[in-house]
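Chain by chain, the residues:
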Amino acid sequence: MSEKFQTIVIGGGPGGYVCAIRLAQLGIKTACVESRGSLGGTCLNIGCIPSKSLLNLSEEFHKAQNLSSKGIEVGEVKLNLSKMMKNKDKAVTILTKGVEFLLKKNKVTYFKGTGSFKSKNEISVKDSQNKETLIQAENIIIATGSVPVSLPEIEFDEKVIVSSTGALNLKQVPKKMLVVGGGYIGLEMGSVWSRLGAEVHVVEFLDHITPGMDREISNEFMKILKKQGINFHMQHKVKSIKKNKSGATVSTVDKDNNKKDFDCDVVLISVGRKPNTNGLNLETIGVELDKKNRVKTDKNFRTNKDNIFAIGDVINGPMLAHKAEDEGIAVAENIGGQSGHVNYDTIPGVIYTSPEVASIGKTEEQLKGLNIKYKIGKFSFMANSRAKAIDNAEGFVKILADERTDKVLGAHLIGPHAGELIAEIGVAMEFGASSEDIARTCHAHPTFSEAVKEAALSVDRRAIHS
Ligand code: FAD
Ligand code: NAD
């Protein structure tokens, strides 16, 4: 006999576990099924958290090497990579265990195993010993996330040809690392290994990095990364990757058909991720996918089957943990009889390099495409006293506001703590604020956030410090 729940969530990532907790808070008897053996999904196990740990530690290493220029004399700075990796693993363990505790605290029943549909109301859960448990529910939420994409006919071995998962676990610093794809993963992981001593080359298909980002920011970002020693090969296509004794040879061709081979010890393929619907048995129950194999949903996250919903990386939209979480909360609230909602215009994107890059709302390119007239306010961290005081003054804040109403339409930052500063703009946009509202808000001195205020002032051409 199968145990009965009101809702089953398949997948224990930031979409799934947050959704399960919110359902339980609303008094709904909930089960969460996770196949990985630990909760937190891609984000906590092999994504956001381990990558941010390594980004931080590699930055500390890099800073420590340069302390003497700041008047702090230390002995020789040496890297102990295995200890660094243990530090990262510790952060992952603490956080994944924390999620398990949260599920327990909220009385969500956690099933360890792979879930697949038996019928539209019944899920089979198979554990690592292949033992099957059947569970039933009125509503089922698919939150099975995404997996890395490779290049045609190239398989990850996670040692020489790696996805982000392998790049988070290298046993030694590669002498030379080739990164295919200049997006979020390529630039974050490229920065980590470059700071730890690797010669990093990024091969990118387009003529710019981080597609979709405001172009002015993307250009500045590439300039700064180049200065840090990362090499870029734009408008290059990978033709083949051949493994050899010392690593691999990557053969590329540029837009003019010039061929170039790169010998390297590690190749990171970071050309995007694809939705993960493997093994769910969606075909049998007839849940529809879209052209990109994402689970197709309406604006309330409902699939073509009335009682089946989907959220997070497995559906349309940016593949970001906070987007998955907000969708999890919205769908839980809808099921609980409330009016869950996600505002896709105010989902921030942050790249945790040094400096950080953060973005929210519309880019200049999008506004032009939509024929919306806008004003620009810009302020450089070079003129921000806190940034100058600590010698961390690269980058700028850019605010885009409606030409007629002054409503903030987007903001794009590159600079110190950009990932934290963007939250202020998010709140402002949620409240429909104008750039003047930000400009007239008192910001503490000396803080990086004054650069946001000055950029807002600059929309009206009245910045004080530039
Ligand atoms: P996932 O986190 O992928 O979780 C889905 C879970 O479902 C997985 O644990 C999987 O094991 C489980 N599952 C799949 N199929 C089944 C099944 N049949 N039965 C049971 N369980 C199943 N995003 C950010 O916002 N900020 C960042 O800094 C960031 N950094 C990243 C760094 C890297 C290297 C990577 C790879 C991603 C990063 N992301 C980041 C993206 C972020 O991890 C994802 O957007 C987020 O995890 C998506 O959440 P999700 O719940 O939809 O899916
Ligand atoms: P991405 O979409 O961010 O970047 C992929 C890059 O690869 C693009 O620049 C694209 O033009 C390029 N590309 C595609 N095909 C190519 C080819 N054949 N040859 C050369 N270049 C090619 O993808 P990603 O870096 O793999 O990351 C996947 C997703 O994970 C991201 O989109 C993001 O949603 C999420 N993520 C987020 C964070 C964060 O929030 N800080 C960090 C890591 C990952």
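This part takes up the site of ligand 2. Surrounding ligand 2, one finds 23 residues, the nearest of these being Ile185, Glu204, Gly272, Met319 and Val350. Between a nitrogen atom of ligand 2 and a main-chain N or O atom of phenylalanine 205, the distance comes to 3.3 Å. Within the contact set of ligand 2, a nitrogen atom lies 2.7 Å away from a backbone nitrogen or oxygen of valine 350. For the shell around ligand 2, the element with the most residues is helix 6 (residues 184-195), which contributes four residues. In terms of residue class, the shell around ligand 2 is built from 13 nonpolar, six polar and four charged.

Close contacts around ligand 1 come from 39 residues, with Glu34, Thr42, Lys52, Gly115 and Ala321 the closest. For ligand 1, an oxygen atom lies 2.9 Å from a polar atom in the side chain of aspartate 313. Between ligand 1 and leucine 320, the relevant distance is 3.2 Å, taken from an oxygen atom to a main-chain nitrogen or oxygen of the residue. If ligand 1 stood free it would expose 990 Å²; the protein chains cover 94% of that surface. For the shell around ligand 1, the secondary structure elements donating two or more residues are helix 1 (14-25), strand 2 (30-34), helix 2 (41-46), helix 3 (48-65), strand 4 (114-119) and helix 9 (321-335). Here the shell around ligand 1 gets four residues from one element, more than from any other, and that element is helix 2. Here the shell around ligand 1 is composed, by residue class, of 14 nonpolar, 20 polar and five charged.

To continue, consider the layout of surface pockets. Considering only enclosed or pocket space, the second largest pocket measures out at about 700 Å³ in volume. Counting only elements with at least two residues in the lining of the second largest pocket, the list comes to helix 3, helix 6 and helix 7 (215-227). The residue makeup of the lining of the second largest pocket, split by class, is seven nonpolar, eight polar and seven charged.

On to the packing of helix 3 against helix 6, then. Contact geometry of helix 3 with helix 6 gives a least axis separation of 9 Å together with a crossing angle of 35°. The element helix 3 and its partner helix 6 pack so that their crossing is left-handed. Every residue of helix 6 that contacts helix 3 at Ser51, Lys52, Leu54, Leu55, Ser58, Glu59, Phe61, His62 and Gln65 is listed here: Glu188, Met189, Ser191, Val192 and Arg195. Grouping the constituent residues of the contact of helix 3 with helix 6 by class yields five nonpolar, five polar and four charged.

Split into domains, the protein chain comes out as domain 1 (3-148 + 274-342), domain 2 (161-271) and domain 3 (346-459). For the pairing of domain 1 and domain 2, the buried interface totals around 1300 Å² over both sides, and the portion due to carbon and sulfur atoms is 70%. It is Ile46, Leu55 and Leu81 that lose the most area in domain 1 upon contact with domain 2, and together they represent 32% of the buried surface on that side. Counting the contacts that link domain 1 with domain 2 gives one salt bridge. With a shortest N-O distance of 2.8 Å, glutamate 188 and lysine 52 are connected by a salt bridge.

All right, on to the packing of aromatic side chains then. Inspection of every chain in the model, using the stated rule, returns one aromatic pair. When the centroid spacing of 5.8 Å and the interplanar angle of 90° are considered together, the rings of phenylalanine 5 and phenylalanine 111 count as edge-to-face. Note that phenylalanine 5 is positioned in strand 1 (residues 3-10) and phenylalanine 111 in strand 3 (residues 109-112), a separation of 106 residues in sequence. Judged by its relative accessible area of 4%, phenylalanine 5 is buried.

This brings us to the pairing of strand 12 (residues 236-244). In regular strands, side chains alternate between the two faces of the sheet. One ladder, built from eight bridges, connects strand 12 with strand 13 (residues 247-254); its direction is antiparallel. Each bridged residue has a counterpart across the sheet, and for lysine 237 the counterpart in strand 13 is valine 253. Where strand 12 folds back onto strand 13 in an antiparallel hairpin, the turn is made up of two residues.

Strands sit in the order 18-19-22-21-20 across an open sheet of five strands; the sheet is antiparallel. A single partner strand is all that each edge strand has here, and the edge strands are strand 18 (349-351) and strand 20 (374-380). Neighbouring strand axes in the sheet, compared pairwise and without regard to direction, differ in orientation by 10° on average. As paired strands, strand 19 (residues 356-361) and strand 22 (residues 408-415) are joined by six bridges and run antiparallel to one another. Across the sheet, residue glutamate 356 finds its bridge partner in strand 22, namely glycine 415. Contacting strand 18, strand 19, strand 20, strand 21 (396-402) and strand 22, helix 7 crosses the sheet at an angle of about 5° to strand 22. Each of strand 18, strand 19, strand 21 and strand 22 is contacted by helix 12 (residues 418-430), which is oriented at about 10° to strand 19, the strand it contacts most.

What follows covers the pairing of strand 5 (residues 122-126). Taking burial as the measure, the five residues of strand 5 include four buried ones, the bulk of the element. Note: strand 4 against strand 5, five bridges, orientation antiparallel. Across the sheet, glycine 115 pairs through a bridge with valine 125, a residue of strand 5. Hairpin connection from strand 4 to strand 5: two residues lie between these consecutive antiparallel strands. Bridge analysis of strand 5 against strand 6 (residues 132-142) gives five bridges, and the strand direction is antiparallel. When the bridges of strand 6 are listed, glutamate 122 appears paired with glutamine 136.

The biggest cluster of nonpolar side chains holds 51 residues, and the ones touching the most others in it are Ile8, Leu103, Phe117 and Ile135. Ranked by residue count, the leading element in this core is helix 1, at seven residues. Among residues more than four places away in sequence, those in contact with isoleucine 8 are Ala31, Val33, Ile123, Ile135, Gln136, Ala137, Asn139, Ile140 and Ile141. The next biggest cluster of nonpolar side chains, apart from the first, holds 37 residues, and it includes Phe61, Met177, Phe232 and Leu268.

Within the secondary structure, serine 218 sits in helix 7. What makes serine 218 buried here is its relative accessible area of 1%. Excluding residues within four positions of it along the chain, serine 218 makes contact with His208, Ile209, Thr210 and Met213.

Criteria and cut-off values
Residues numbered from 1 in each chain as written. Chains lettered and ligands numbered in written order. Predicted model: local features only at pLDDT ≥ 70, side-chain atom pairs only at ≥ 80, totals over all residues. Heavy atoms only, no water. Near = heavy atom within 4 Å. Polar contact = N/O pair within 3.5 Å; in protein donor to acceptor, adjacent residues only side chain to side chain. Helix = DSSP H or I, 4+ residues; strand = E, 2+ residues; numbered from the N terminus. Nonpolar A, V, L, I, M, F, W, Y, C, P; charged D, E, K, R; others polar. Areas by Shrake-Rupley, 256 points an atom, 1.4 Å probe, with all protein chains shown as cover. 1 Å grid on protein atoms, 1.4 Å probe; cavity = no way out; pocket = protein on both sides within 12 Å on 5 of 7 lines; lining within 4 Å. Points joined across faces, edges and corners; volume = space filled by probe spheres on them. Axes fitted to C-alpha atoms, helices over the stretch in contact; angles between N-to-C directions. Left-handed = near helix turned anticlockwise from the far one by under 90°. Contact = heavy atoms within 4.5 Å. Domains from an automatic or database assignment. Buried area = accessible area lost by both parts, 1.4 Å probe. Salt bridge = Lys/Arg side-chain N within 4 Å of Asp/Glu carboxyl O. Phe/Tyr/Trp six-rings, centres within 6.5 Å; stacked < 30°, edge-to-face > 60°. Buried < 20%, exposed > 50% of the residue type's maximum accessible area, 1.4 Å probe, protein only. Pairing = 2+ DSSP bridges. Core = buried A, V, L, I, M, F, W, Y, C linked by side-chain atoms within 4.5 Å.

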